[in-house]
Amino acid sequence: MALLLLGLGLGLGWGPSFTSAQILNPQAIVQRNYNMARVAGTWYSISMASDNLTWVQEHGDLRLFVRRIEHLGNGSLKFNFRFRVQGECVIVAVVFERTEKNGEFSIAYQGQNKLQVVETDYRLFIIFYLHNTQAERQTQVLALYGRNPEMSPAFLNRFEQACRRYGLSSRAIIHLTSQDRCFYNR
Ligand SMILES: *[C@@H]1O[C@H](CO)[C@@H](O)[C@H](O)[C@H]1NC(C)=O
Ligand SMILES: *[C@@H]1O[C@H](CO)[C@@H](O)[C@H](O)[C@H]1NC(C)=O
């Protein structure tokens, strides 16, 4: 009996399942004319992809766990990240400068970087695209951030589709959920 109840309990969503508030609504997704003020707030790193996995793997420069995004008064976008250096959780704030284009930002770091919003519903997820140019070398990085620390497969599928549009297969994707060793150090 107890087992049966437990089974029912899990079936009804007492386990690590997703609530209806976390269902992907394709109609809520925007792909242009972004309201960057609505992008501000708390985010979690869910997945990243790159055509050079060195950047996002363990010890990679861009293996960064997002905490918060601020939309600054001058239109720039400030990211608050955590990452691990020699076993310590380090806080980094990175400001991407606004450009002429809506949803597009830039920063000089290891060459030139262009950051673009690919799509978002503001409420649950956002996908960013970063294009780095360093001398002759071009590198692409995509990131899926969620308002919640875990996301249902529908969002991961959405991310895979976005990656494919930039020529990245699912083999170029790494999942960061539960990889955040600074999780309790928000
Ligand atoms: C990948 O990135 C690393 C680190 O920046 C670099 O050393 C390496 O040459 C890159 N590989 C390719 C194929 O561009
Ligand atoms: C916008 O403000 C931030 C924070 O004060 C600053 O770092 C950045 O350089 C400013 N950008 C421009 C274009 O003035």
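Check the entry above for the structure.
Residues numbered from 1 in each chain as written. Chains lettered and ligands numbered in written order. Predicted model: local features only at pLDDT ≥ 70, side-chain atom pairs only at ≥ 80, totals over all residues. Heavy atoms only, no water.

Peer 1: Explain the layout of surface pockets residue by residue, including any values.
Peer 2: The space that makes up the largest pocket amounts to roughly 440 Å³. Taken together, 21 residues make up the lining of the largest pocket; nearest its centre are Leu62, Leu64, Phe81, Val94 and Phe96. For the lining of the largest pocket, the secondary structure elements donating two or more residues are strand 4 (77-85), strand 5 (88-98), strand 7 (112-120), strand 8 (125-134) and strand 9 (137-146). It is strand 9 that provides the largest number of residues to the lining of the largest pocket, a total of four residues. Space inside the second largest pocket adds up to approximately 220 Å³. Considering every element that reaches the lining of the second largest pocket, the biggest residue donor is strand 4, with three residues. Across the lining of the second largest pocket, the residue classes tally to three nonpolar, five polar and four charged. (1 Å grid on protein atoms, 1.4 Å probe; cavity = no way out; pocket = protein on both sides within 12 Å on 5 of 7 lines; lining within 4 Å. Points joined across faces, edges and corners; volume = space filled by probe spheres on them. Helix = DSSP H or I, 4+ residues; strand = E, 2+ residues; numbered from the N terminus. Nonpolar A, V, L, I, M, F, W, Y, C, P; charged D, E, K, R; others polar.)

Peer 1: How would you explain the site of ligand 2 if you had to name every residue and give the values?
Peer 2: Neighbouring ligand 2 are the residues Leu72, Asn74, Ser76 and Glu97. Side-chain polar atom of Asn74 to an oxygen atom of ligand 2: 2.3 Å apart, as the coordinates give it. Between Glu97 and ligand 2, the recorded distance is 2.6 Å, taken from a side-chain N or O atom to a nitrogen atom. Here ligand 2 loses 40% of its free accessible area of 360 Å² to cover by the protein chains. When the residues that make up the shell around ligand 2 are grouped by side-chain class, the tally is one nonpolar, two polar and one charged. (Near = heavy atom within 4 Å. Polar contact = N/O pair within 3.5 Å; in protein donor to acceptor, adjacent residues only side chain to side chain. Areas by Shrake-Rupley, 256 points an atom, 1.4 Å probe, with all protein chains shown as cover.)

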